[in-house]
Amino acid sequence: MKVIEDFKYTKEHEWINISDNSATIGITDFAQGELGDVVFVELPNREDSFSKNDVFGTVEAIKTVADLYIPVSGKVIAINEELESNPELINSNPYDKGWVIKIELNNPSELDTLLDNNQYKKLIS
């Protein structure tokens, strides 16, 4: 199970990769493994704004549907449109091609409440 060292994580199994005042968000390798084969991803619209822990979309697998929770407050600046036709990218490449959204951060101090890679590894072990 892959956990990226420089990323932050949530207890709900989302990852976030920070770059200046923006961030890329997706679901972890652990989460995609628990879900099984992803068949559909409901994405928000560009320009949608969310508060920390809001549901911003869903992931549908063959046996279940899971909500996606935004790790920090922000405005959506990009969505991974490739997931609309290839939702299985979340299974095959959750940290790269399977990213879900990119946001502009509203409150960077919220990052301090997230798990680092070691804390996340403990959570899933």
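**Q** Any details on the pattern of salt bridges? Residues and values, ideally.
**A** Across all of its chains, the model carries one salt bridge by this definition. Note that lysine 75 and glutamate 47 form a salt bridge whose closest N and O atoms lie 3.4 Å from each other. With a gap of 28 residues between them, lysine 75 in strand E8 (residues 74-79) and glutamate 47 in the loop between strand E4 (38-42) and strand E5 (49-50) connect regions that are remote in the sequence. Owing to a relative accessible area of 49%, glutamate 47 belongs among the partly exposed residues under this scheme.

**Q** I'd love a proper account of the sheet that holds strand E7 (residues 65-69), names of residues and values included.
**A** Strand order in this open sheet of three strands is E4-E6-E7, and the pairing throughout is antiparallel. The open sheet has two edge strands, E4 and E7, and neither has a second partner. Going from strand to strand, the sheet's axes swing by 25 degrees on average, the running direction of each strand aside.

**Q** For the side chain of asparagine 117, give the residues involved together with the corresponding values.
**A** For asparagine 117, the location among the structural elements is in helix H4 (residues 117-124). Sequence-distant contacts of asparagine 117, defined by excluding residues within four places in its chain, comprise Val3, Ile4, Glu5, Phe7 and Tyr9.

**Q** Got a sec to walk through the nonpolar core? Specific residues and values, please.
**A** Core analysis: the biggest nonpolar cluster contains 27 residues, and Phe56, Ile90, Val100, Ile101 and Ile103 have the highest contact counts within it. Once residues lying within four places of it in the same chain are set aside, the contact partners of valine 100 are Ile25, Gly26, Leu43, Phe56, Leu68, Ile79, Asn80, Leu83 and Ile90. Phe7, Tyr9, Tyr120 and Ile124 belong to the second-largest nonpolar core, a separate cluster that totals eleven residues.

**Q** Talk me through a nonpolar patch on the surface; I want residue IDs and the actual numbers.
**A** Judged by side-chain polarity, Val39, Phe40 and Ile62 come together as a nonpolar surface patch covering roughly 290 Å² of accessible area. Here isoleucine 62 shows up in the loop between strand E6 (55-61) and E7.

**Q** Explain the packing of aromatic side chains to me, and be specific about the residues and the numbers.
**A** One pass over the structure, following the stated rule, counts five aromatic pairs. With 5.0 Å between their ring centres and 25 degrees between their planes, phenylalanine 7 and tryptophan 15 make a pair best called stacked. Each member of the pair, phenylalanine 7 together with tryptophan 15, is buried. Between phenylalanine 7 and tyrosine 95, the aromatic rings sit 6.0 Å apart at their centres with planes inclined by 70 degrees, giving edge-to-face as the arrangement. In this pair, phenylalanine 7 is assigned in the segment before strand E1 (8-9) and tyrosine 95 in the loop between helix H3 (89-92) and strand E9 (101-105), connecting sequence segments 88 residues apart. Note on accessibility: phenylalanine 7 and tyrosine 95 belong to one class, buried. Members of the aromatic cluster, joined through ring pairs, are Phe7, Trp15 and Tyr95. When the ring centre of tryptophan 99 is taken as reference, the NZ or CZ atom of lysine 102 above it lies at 4.9 Å.

**Q** Could you give an account of the pairing of E6, naming the residues involved and the relevant values?
**A** Within E6, five of the seven residues are buried, which leaves the element mostly enclosed by the surrounding structure. Sheet topology note: the E4/E6 ladder contains four bridges and is antiparallel. By the bridge assignment, glutamate 42 is partnered in E6 with threonine 58. Counting the residues between successive antiparallel strands, the hairpin from E6 to E7 contains three residues.

Quick notes on the rules
- Residues numbered from 1 in each chain as written.
- Predicted model: local features only at pLDDT ≥ 70, side-chain atom pairs only at ≥ 80, totals over all residues.
- Heavy atoms only, no water.
- Salt bridge = Lys/Arg side-chain N within 4 Å of Asp/Glu carboxyl O.
- Helix = DSSP H or I, 4+ residues; strand = E, 2+ residues; numbered from the N terminus.
- Buried < 20%, exposed > 50% of the residue type's maximum accessible area, 1.4 Å probe, protein only.
- Pairing = 2+ DSSP bridges.
- Axes fitted to C-alpha atoms, helices over the stretch in contact; angles between N-to-C directions.
- Contact = heavy atoms within 4.5 Å.
- Core = buried A, V, L, I, M, F, W, Y, C linked by side-chain atoms within 4.5 Å.
- Patch = residues over 30% accessible without salt bridge, like charges linked within 9 Å, V, L, I, M, F, W, Y side chains within 5 Å.
- Areas by Shrake-Rupley, 256 points an atom, 1.4 Å probe, with all protein chains shown as cover.
- Phe/Tyr/Trp six-rings, centres within 6.5 Å; stacked < 30°, edge-to-face > 60°.
- Lys NZ or Arg CZ within 6 Å of the ring centre and 35° of its normal.

Honestly, it's all geometry; don't read function into it.
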